[in-house]
Amino acid sequence: MANATVPATLVDHYLRLQRRPTVGVGGGARAASADTASARMDGGRLARTYDAGGGGAVPAAAASEGAASGGSGATAVDRFARAHDDASAAGRRALTGRYSALMPATSPGEGQQYAFEVDLDACSGCKSCVAACHAMNGLEDEESWRDVGLLHGGGDAEPVLQHVTTACHHCLDPACMHACPVDAYEKDPATGIVKHLDDQCFGCQYCTLACPYDAPKYSAAKGIVRKCDMCSDRLAEGEAPACVQSCPGEAIRIRVVDADQVVEESETNLFVPGAPEPGITLPTTTYRTARALPRNMIPADYYSVNPTAPHWPLIVMLALTQLSVGAFLVEQVLGLVAPSALMAAIRPLHSASALVFGLLALAVSVLHLGRPQYAYRAVIGLRHSWLSREIVAFGLFAGLAVTYAAWPWAGAHLLSAGGAAPPWLGWTVAGFGVAGIGCSVMVYQFTQKDFWNGWSTGCKFLLTAAVLGLAAAWLSLMVTAAWTESAASAAALERYGPVLCRSLIAAAAFKLVFEAALFRHLAARSTTSLKRTALLMSGALSQTTVARFAAGVVGGIAMPALVLLSGTPAGQDVMLAPFVAMLFVACLAGELLERYLFFAAVASPKMPGGV
């Protein structure tokens, strides 16, 4: 009856799942004994599996007996199960002290922190670490904080397979923490563990884009991001994390590492084949092997390319903010050459429509948040997060744009300016808008994805502002002429309509050529991230790509060219207004599709997968 007093543990839970008939190396069936124990929850956590203050290692006799009973082909699971049964039969707490060898002897000191250490030679890819992490943290069905990938290489004569278990690397310079606009991450000063503060998170998911190792995972049900914290509550009591404790081959350990050594090792750019460069965030996980792995080791999913999440609220927000900024910029530039009387005729409708698009963009952006009621927190990370800076810049842009757009309507009644806004106000609005676009560029440049590099993204965003700003200005000019039927608006349309047409054709053509240049990477011999993007756009996303270029050509080149060929539009030619409206819609649709590809076709780096 002594066994009745031994609490069921995570070990029991693991054995119950793993003890099934298995196939030995020689192909013969080998059945393991059934285990009927079940995992017991104690206060929301699994019961402890060892006593940090006593015990010691499993007796050598018991270990030898376990190995002998299994023969030379005994697996790690067999030996693990035998040791567990022997400890239970003797009335001891199961495997008391077993995990002390997997934990550091001392706590981190100055310039040190906790880190995972993975013995690749001991990892069999059984995914017990994944199951244990999932059970311990109560994760959702599709949620995983620890994953197992596969590397393969070698040649036909001697192929090599290597499993790789990976979780958050608790980096020295965590990108997730720097990117977060609400400071929902903190790096523990004593342990170095990067923790996520669930209560602070508002679900913007920017950290999932910034982390090169795909560690933070978004929970749609909870509206927040969550991630591995190395079972810090267990570590605080001297207990091993769930993944460490569950591994039958003892492939995962917790070690203390020196920060200086992590920095030095990152210089060699050797981490795991196929993984992002360690110099980006300085990951602290150490992967050990006594074997000389072939130089051609690559992840099993190295050649697979799949679209990523498109983030529709961000697609609309980026396109419409750039439309609004572009419209205000075109108005200011046009005001430098056009007579004030002509500008006064078109400014009220044009500035009001540009403002509406800008406010709509900011409203739609809130829909991207998992917890939009906490959107006001977005400015907390202003000192380090480009997302916070983007929100502040566009907030100032919107506030000044409201004043500028309202001036022609209210100025004549409230001020002595006769309804004309001061020139500096319009340029200030445009300036904050350009600053907002610059912050948008840096939001994606910070992720260090090749497709989102600063130069390419900056060109795309500014050219979108030019294309949509010109199309919006031309539409405003046409609608004003048809609506007011004034001589000034008709003169403005006749004089500046052709200029807007030619400028739109030039901007749209340049942007389409710039985007099409990506396909040159298809000829590259190596599978770079940009080649993956080109493969996606020409393969799985080919229909969207064709639609994008078709809309761009029709709205930005063909339709403006038809207007120019038909002759200079006269102010009284109201039949042209619907045609210009369709042109504007085509241009907007093309830019929305381009922004969809911007998100869906990006090749996101991550740790090896394929299992």
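Only a predicted model underlies this, so the values are computations on that prediction, with no experimental measurement involved.

**Student:** Looking at this model, I keep getting lost on helix H4 (residues 128-137). Mind explaining?
**Tutor:** Helical periodicity: at 3.6 residues per turn, an α-helix aligns residues three or four positions apart in one direction. Within the span of H4, buried status applies to Ser-128, Cys-129, Val-130, Ala-132, Cys-133 and Met-136. The positive-phi residue at the C-terminal boundary of H4 is Gly-138, with phi of around 60 degrees.

**Student:** Help me understand the sheet that holds strand S12 (residues 252-258) in this model?
**Tutor:** Hydrogen bonds between backbone groups are what pair the strands of a sheet, and the pairing can be parallel or antiparallel. Spatially, S12-S5-S13 is the arrangement adopted by the three strands of the open sheet, whose pairing is mixed. The sheet is open, and its two edges are formed by S12 and strand S13 (286-288), each paired on a single side. Neighbouring strand axes in the sheet, compared pairwise and without regard to direction, differ in orientation by 35 degrees on average. Pairing of strand S5 (residues 112-119) with S13, which is carried by three bridges, proceeds in the parallel orientation. From the neighbouring strand, Asp-119 faces S13, where its bridge partner is Arg-288.

**Student:** Please clarify how the state of the cysteines should be interpreted in this entry.
**Tutor:** The bond known as a disulfide is covalent and runs between the sulfur atoms of two cysteines. Enumeration according to the criterion identifies zero disulfides in this entry. No disulfide involves Cys-168; its nearest neighbouring cysteine sulfur is the one of Cys-228, lying 5.5 Å away.

**Student:** Please explain the packing of aromatic side chains as it appears in this structure.
**Tutor:** Each aromatic ring pair is specified by the distance between its two centres and by the angle formed by the two planes. With the rule as written, the count across this model stands at 19 aromatic pairs. Ring centres 5.4 Å apart and planes at 35 degrees place the aromatic pair Trp-312 and Tyr-596 in the tilted group. Within this pair, whereas Trp-312 is found in helix H10 (residues 312-337), its partner Tyr-596 is found in helix H18 (residues 576-600), the two being separated by 284 residues in sequence. Since its relative accessible area comes to 43%, Trp-312 is described here as partly exposed. Relative accessible area serves as the criterion here: at 19%, Tyr-596 is assigned to the buried category. When the centroid spacing of 5.3 Å and the interplanar angle of 90 degrees are considered together, the rings of Phe-598 and Phe-599 count as edge-to-face. Through pairs of rings, three or more aromatic residues link up here, namely Tyr-444, Phe-451, Trp-452, Phe-461, Phe-598 and Phe-599. The ring of Phe-549 is capped by Arg-548, whose NZ or CZ atom sits 5.9 Å from the centre of that ring.

**Student:** Explain the nonpolar core here, please?
**Tutor:** The tendency in soluble globular proteins is for nonpolar side chains to be buried as a group. In terms of nonpolar packing, the biggest core is built from 96 residues, with Tyr-444, Trp-452, Trp-474 and Phe-599 touching the most fellow members. Top element by residues in this core is helix H14 (residues 454-484). It accounts for 13 residues. Taken domain by domain, this core gets at least three of its residues from each of domain 2 (112-299) and domain 3 (312-600). Within the second largest apolar cluster, 36 residues are counted, among which are Cys-133, Ala-167, Cys-168 and Met-230.

Conventions and cut-offs
Residues numbered from 1 in each chain as written. Predicted model: local features only at pLDDT ≥ 70, side-chain atom pairs only at ≥ 80, totals over all residues. Heavy atoms only, no water. Buried < 20%, exposed > 50% of the residue type's maximum accessible area, 1.4 Å probe, protein only. Helix = DSSP H or I, 4+ residues; strand = E, 2+ residues; numbered from the N terminus. Pairing = 2+ DSSP bridges. Axes fitted to C-alpha atoms, helices over the stretch in contact; angles between N-to-C directions. Disulfide = S-S within 2.5 Å. Phe/Tyr/Trp six-rings, centres within 6.5 Å; stacked < 30°, edge-to-face > 60°. Lys NZ or Arg CZ within 6 Å of the ring centre and 35° of its normal. Core = buried A, V, L, I, M, F, W, Y, C linked by side-chain atoms within 4.5 Å. Domains from an automatic or database assignment.

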